[in-house]
Each structure stands twice: as C-alpha cells, then as structure tokens.
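Tertiary structure, described
Here's the letter readout for the chains.
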Amino acid sequence: MNIQIWGIKKCQDTRKAERYFKERRIKFQFIDLAVKGLSKGEFSNVKAAVGLENLIDKEGKEYARQNLKYLVHEIEEVLMENPLLFKTPIVRNGKLATVGYRPDVWGKWD
C-alpha cells in the first residue's frame with residue numbers, strides 16, 4: 001500500500017486517520033494542507049474516486065470566512081486556490097480515495 005493523507009494538523013479526524021495507520025504499522029505520507037495542496041494529477045485522481053462535491057468542506061470555518069455560501073464559485077477552481085477548503089482527511093491509496101475518517105473502507109484496502 002502507498003498511503004497518502006492530506007489534512008490539517010489541528011483536525012481531529014486527520015489525527016485519528018494517522019493513528020489508524022500507525023497502529024497497524026502501515027507506512028503513510030502526511031501532507032499538511034496548510035503548507036501544500038494537491039497537485040492537479042492528485043486532485044483528478046481523488047475527484048474521480050470520491051466526487052467533486054464531497055471534497056469541499058461547506059461546514060468549515062474557511063468556507064464561512066470567505067462567504068462562499070453566498071457567492072457563485074467554481075468548486076474545482078476554489079479548491080485549487082485554497083487547499084484549506086478541502087474536507088479532511090483525504091486518504092489515498094493509488095486510485096482509491098476517501099474523504100473523512102473512514103476506517104471501514106481503509107480496512108478493505110490491500
């Protein structure tokens with residue numbers, strides 16, 4: 001398995017995802033969205049696996065701070081410009097991906 005976790009260090013679900021893989025001694029790469037977002041290729045793979053609407057955190061502080069609830073916006077463009085708008089954690093294993101804390105799905109990955 002080649003696990004990548006995109007998240008924010010302060011996010012409780014991101015920390016739980018890291019702990020899930022550490023406890024099972026599965027190596028993973030953590031990418032802090034506060035520092036670096038997804039590349040276009042990574043974004044395309046994750047979007048294909050989970051769907052575009054599932055990637056944006058409409059309940060998050062950043063979404064409210066930017067008043068996106070009231071503005072017309074292109075989701076893909078907004079996410080690429082501001083990685084803090086992603087729901088976290090985004091966990092990817094090759095072409096497979098999840099958004100949020102999903103140990104039920106990760107347990108089935110081989």
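Now for a description of the structure that goes with this document. Small disclaimer: the values here were computed from a predicted structure and weren't measured.

Attention now moves to helix 1 (residues 12–23). A rise of 1.5 Å per residue sets the reference length of helix 1, with its 12 residues, at 16 Å; its end C-alpha atoms lie 16 Å apart and thus fit the reference within 8%. As for helix 1, its buried residues are in contact with strand 1 (3–7), strand 2 (28–32), strand 3 (90–93) and helix 5 (103–106). Where helix 1 ends, the next residue or the one after it, Arg25, has phi of about 55°, a positive value.

Below, the discussion takes up the pattern of salt bridges. The final tally for this structure, using the stated rule, is 6 salt bridges. Across the pair Lys16 and Asp13 runs a salt bridge, and its minimum N-O distance is 3.6 Å. On the criterion of helical spacing, the pair formed by Lys16 and Asp13 is a turn pair, its members being 3 residues apart in helix 1. On the accessibility criterion, Lys16 (26% relative accessible area) is partly exposed.

Basis of the calculations
- Residues numbered from 1 in each chain as written.
- Predicted model: local features only at pLDDT ≥ 70, side-chain atom pairs only at ≥ 80, totals over all residues.
- Heavy atoms only, no water.
- Helix = DSSP H or I, 4+ residues; strand = E, 2+ residues; numbered from the N terminus.
- Expected span 1.5 Å × (residues − 1).
- Contact = heavy atoms within 4.5 Å.
- Salt bridge = Lys/Arg side-chain N within 4 Å of Asp/Glu carboxyl O.
- Buried < 20%, exposed > 50% of the residue type's maximum accessible area, 1.4 Å probe, protein only.

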